[in-house]
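# Structure assessment
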Amino acid sequence: LADFEALLEKFRQLAGDVLNLVSLGKKILIVTHIDADGLVSGSVAFGALARRKADVAVRTVPDLDERTIAEIATAPYDFVIFTDLASSLLRELESAMGGRYAVIDHHQIPEGDRDLPQVVNAWRYGIDGGSDACSSSMSYFFAKAVDSSNRDLSYLAVVGALADRQDSGEGRSLTGLNKMAADDAKTAGLLLESKDLLFTGRETRPVHDAVALTSTPYMEGVTGNRDAVLSALIQAGFRVRETGRWRTFSELSEDEKRSLVEVVASMITGGDGAKWLSELVGETYTFPAEDPFTSLRDAREFGTFLNACGRSGATAIGMSVCLGDRGPALAEGMKVLSDYRSNISKALQGLSAEPARLEVRGRLLLVRAEDIVSESLLGPVTSIMSSAPEHKDKVLVARTRANESDFKISSRVGDSFTGDVNLGHLMGEAAQSVGGVGGGHNMAAGAKIPARAADAFFKFVADRLAQ
Ligand SMILES: [Mn+2]
């Protein structure tokens, strides 16, 4: 049973311990992951301590391995807080760092490690870390325990939760600890919630663009079909432009939204129009303090913005924006976002031009993406591919080179996969069987394995799925 009170009590304890270190002038390092949830949770923990005049620094890592741990352990810091990382490497961390660390995380954690005093993990408190708590909401409640004035950071937890696809409540709403953070943001006047059509880029993209970019749900004949959408809208007499610029979805009147739905529904092939509509309507999370027409106004788009920064090596830009920079960092980040979008579509095109790279083994779809998809884009590319109708009933496992000797692995469970699989555990066990490391969530997980053991790794996964 979820015990939120015990979790909050643990955060009060941790906050007390850390503030004690701060008052002794100790040097603190925050280490976080590069995805949106990682950037938010790292920024929030960093911001909370910086506001208390702590001697604190933050750094990001694409993933944690023993070499990185060894390097961090010898860096000149007295205490290290890991966010959105480390739950599958706690033994290694413990032996490298002794008691000089804390972990704030929501990834699955080995049963035997749950009670380590240094670790604050959602699962330990009966909270589902795959759907009810992300590192951002965890880190936010840590920040609030450090100082209640950090309530103004609550809206960031919403960004992290949506970016980690935790909108698993009714009508794609937030639940659990994420909802508690969202409620704080609403109370502070920083967040508006309403039911609407969840087109991607609803605040920023031209209407036809937003429709064609939307891949959840995947709309056959529409998703990815920008030009067709535009001409259908024009043919229907839809006002797509205002003097000199494209209109966005968020500007449309209710009547216009209805007629847009009609046009889009008529374009969808091979499906049930009413069904996709019901999947497309959901909870929108809007930040009224952000400028209209920026990517920060809609919480889901804010998450995409941060993922783009993280996956493009621009983590400092993403974190600066989280910490309040709406000038140079935002402008720079917008450029990063548009490059990121085009790199992803190039990667997807590259794969579809070489169908031999896809191999079906029973319910497993194996993708050999080396030399086409870079390590940092493997996660997003895997997500998009697994939502495509032809792959939805599979477990998709993709690989690419991380360096000369290792493969990076990214995996997703398709929406209509029927069967019981816990990918976090499966990736962990499969990686371990070949001398690698892996872990994550039920529906999305990853690993790093020695390249020479790739065949054995895939065989392990395929055999497991065949059971
Ligand atoms: Mn996360």
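One can find the structure itself at the top, above this paragraph.
Residues numbered from 1 in each chain as written. Predicted model: local features only at pLDDT ≥ 70, side-chain atom pairs only at ≥ 80, totals over all residues. Heavy atoms only, no water.

## Points about the overall build of the protein chain
- Broken down by element type, the protein chain carries 17 helices and 15 strands.
- Over its C-alpha atoms the protein chain spans a radius of gyration of 22 Å, differing by no more than 12% from the 23 Å that the globule rule assigns to 467 residues.
- If one aligns the C-alpha atoms of the protein chain with their principal axes, the spans along those axes are about 70 × 50 × 40 Å.
- For the protein chain, with 467 residues in total, the buried portion stands at 55%.
- Partitioning the contacts of the protein chain with sequence separation of at least 6, the portion at a separation of at least 24 is 62%. (Helix = DSSP H or I, 4+ residues; strand = E, 2+ residues; numbered from the N terminus. Rg over C-alpha atoms; globule rule 2.2 N^0.38 Å. Buried < 20%, exposed > 50% of the residue type's maximum accessible area, 1.4 Å probe, protein only. Contact = heavy atoms within 4.5 Å.)

## Examining the packing of aromatic side chains
- A full pass over the atoms with the stated rule returns seven aromatic pairs.
- When the centroid spacing of 5.3 Å and the interplanar angle of 70° are considered together, the rings of Phe199 and Phe249 count as edge-to-face. With a gap of 50 residues between them, Phe199 in the loop between strand S6 (192-197) and helix H8 (207-213) and Phe249 in the loop between strand S8 (245-246) and helix H10 (254-267) connect regions that are remote in the sequence.
- Note on Phe249: relative accessible area 1%, which makes it buried.
- Note on Phe302 and Phe305: the rings are 6.5 Å apart at their centroids and 90° apart in plane angle, and the pair reads as edge-to-face. Within this pair, Phe302 and its partner Phe305 are both found in helix H12 (residues 299-311), separated by three residues, close to a single helical turn. (Phe/Tyr/Trp six-rings, centres within 6.5 Å; stacked < 30°, edge-to-face > 60°.)

## Let's talk about the coordination of the manganese ion
- Asp37 (OD), Asp84 (OD), His106 (NE2) and Asp164 (OD) make up the full set of protein donors to the manganese ion, lying at 2.1 to 2.3 Å.
- Here the donor residues of the manganese ion are spaced in sequence according to D-x46-D-x21-H-x57-D. In this pair, Asp37 sits in helix H2 (residues 36-51) while Asp164 sits in the loop between helix H6 (154-163) and helix H7 (176-187), placing the two residues 127 residues apart along the sequence. (Donors = N, O, S within 2.8 Å, 3.2 Å for Na, K, Ca; no water.)

## Things to note about the sheet that holds strand S12 (residues 395-401)
- The strand order S10-S11-S12-S13-S15-S14 describes an open sheet built from six strands, whose pairing is mixed. The open sheet terminates on both sides in strands that have one partner only, identified here as strand S10 (358-361) and strand S14 (437-440). Taken pair by pair, the neighbouring strands of this sheet meet at an average axis angle of 15°, ignoring direction.
- Two elements, S12 and strand S13 (residues 406-413), share seven bridges in a ladder whose sense is antiparallel. Looking at the pairing, Ala398 lines up with Ser410 of S13.
- Contacts from helix H15 (residues 378-386) reach S10, strand S11 (364-368), S12 and S13, with the element oriented near 35° to S13.
- Lying over the sheet, helix H17 (residues 454-466) contacts S10, S11, S12, S13 and strand S15 (444-450), oriented at roughly 175° with respect to S12. (Pairing = 2+ DSSP bridges. Axes fitted to C-alpha atoms, helices over the stretch in contact; angles between N-to-C directions.)

## A few points about the packing of H12 against helix H13 (residues 315-322)
- Between H12 and H13, the least distance of the axes is 7 Å, while the angle of their chain directions is 150°. In the crossing of H12 with H13, the sense of the turn from one axis to the other is left-handed. In contact with Phe302, Phe305, Leu306, Cys309 and Gly310 of H12, H13 contributes Thr315, Ile317, Gly318, Val321 and Cys322. (Left-handed = near helix turned anticlockwise from the far one by under 90°.)

## As for helix H5 (residues 135-146)
- Here H5 contains twelve residues, and its C-alpha end-to-end distance of 16 Å stays within 8% of the 16 Å for a straight helix at 1.5 Å per residue.
- Among the twelve residues in H5, ten count as buried, and that is most of the element.
- Buried within H5 we find Ser135, Ser136, Ser137, Met138, Ser139, Tyr140, Phe141, Phe142, Ala143 and Val146. (Expected span 1.5 Å × (residues − 1).)

## Describing the pattern of salt bridges
- With the rule as written, the count across this model stands at 39 salt bridges.
- Glu5 serves as the salt-bridge partner of Arg12, at 2.8 Å between the closest nitrogen and oxygen.
- Between Glu242 and Arg239 there is a salt bridge; the shortest N-O distance is 3.0 Å.
- The class for Glu242 is partly exposed, based on a relative accessible area of 28%.
- The exposure class assigned to Arg239 is partly exposed, which follows from its relative accessible area of 43%. (Salt bridge = Lys/Arg side-chain N within 4 Å of Asp/Glu carboxyl O.)

## Details of the packing of helix H1 (residues 4-23) against H7
- It is the contact of H1 with H7, at a shortest axis distance of 11 Å, that shows an interaxial angle of 65°. When the axis of H1 is compared with that of H7, the two are roughly perpendicular. Helix-helix and strand crossings are classified by hand; for H1 and H7 the assignment is right-handed. For the pair H1 and H7, the contacting residues are Phe4, Leu7 and Leu8 in the first and Gly176, Leu177 and Met180 in the second. (Parallel < 35°, antiparallel > 145°, perpendicular 65-115°, else oblique.)

## Thoughts on the side chain of Asp105
- Structurally, the position occupied by Asp105 is in strand S4 (residues 101-105).
- A polar contact is formed between the side chain of Asp105 and the side chain of Ser87, at a distance of 2.7 Å.
- Look past the residues within four positions of Asp105 in its chain and what remains in contact with it is Asp84, Leu85, Ala86, Ser87, Val120, Asn121, Ala122, Ser135 and Met138. (Polar contact = N/O pair within 3.5 Å; in protein donor to acceptor, adjacent residues only side chain to side chain.)

## Comments concerning the sheet that holds strand S3 (residues 79-83)
- Across the sheet, five strands lie side by side as S2-S1-S3-S4-S5; this open sheet has parallel pairing. Of all strands in the sheet, those with a lone pairing partner are strand S2 (55-61) and strand S5 (119-121), marking the two edges. The average angle at which neighbouring strand axes cross in this sheet is 15°, direction not considered.
- Taken together, the four bridges between S3 and S4 define a ladder with parallel strand orientation. The residue of S4 that forms the bridge with Phe82 is Val103.

## Some points on the pairing of S15
- Across the seven residues that make up S15, a large majority, five, are buried.
- Note that S13 and S15 share seven bridges and pair antiparallel. Within S15, the position partnered with Asp406 by the bridge is Pro450.
- What sits between S14 and S15 in their antiparallel hairpin is a turn of three residues.

## As for H13
- With six of eight residues buried, H13 lies mostly within the body of the structure.
- Elements that come into contact with the buried residues of H13 comprise H2, S2, H6, H12 and helix H14 (328-352).

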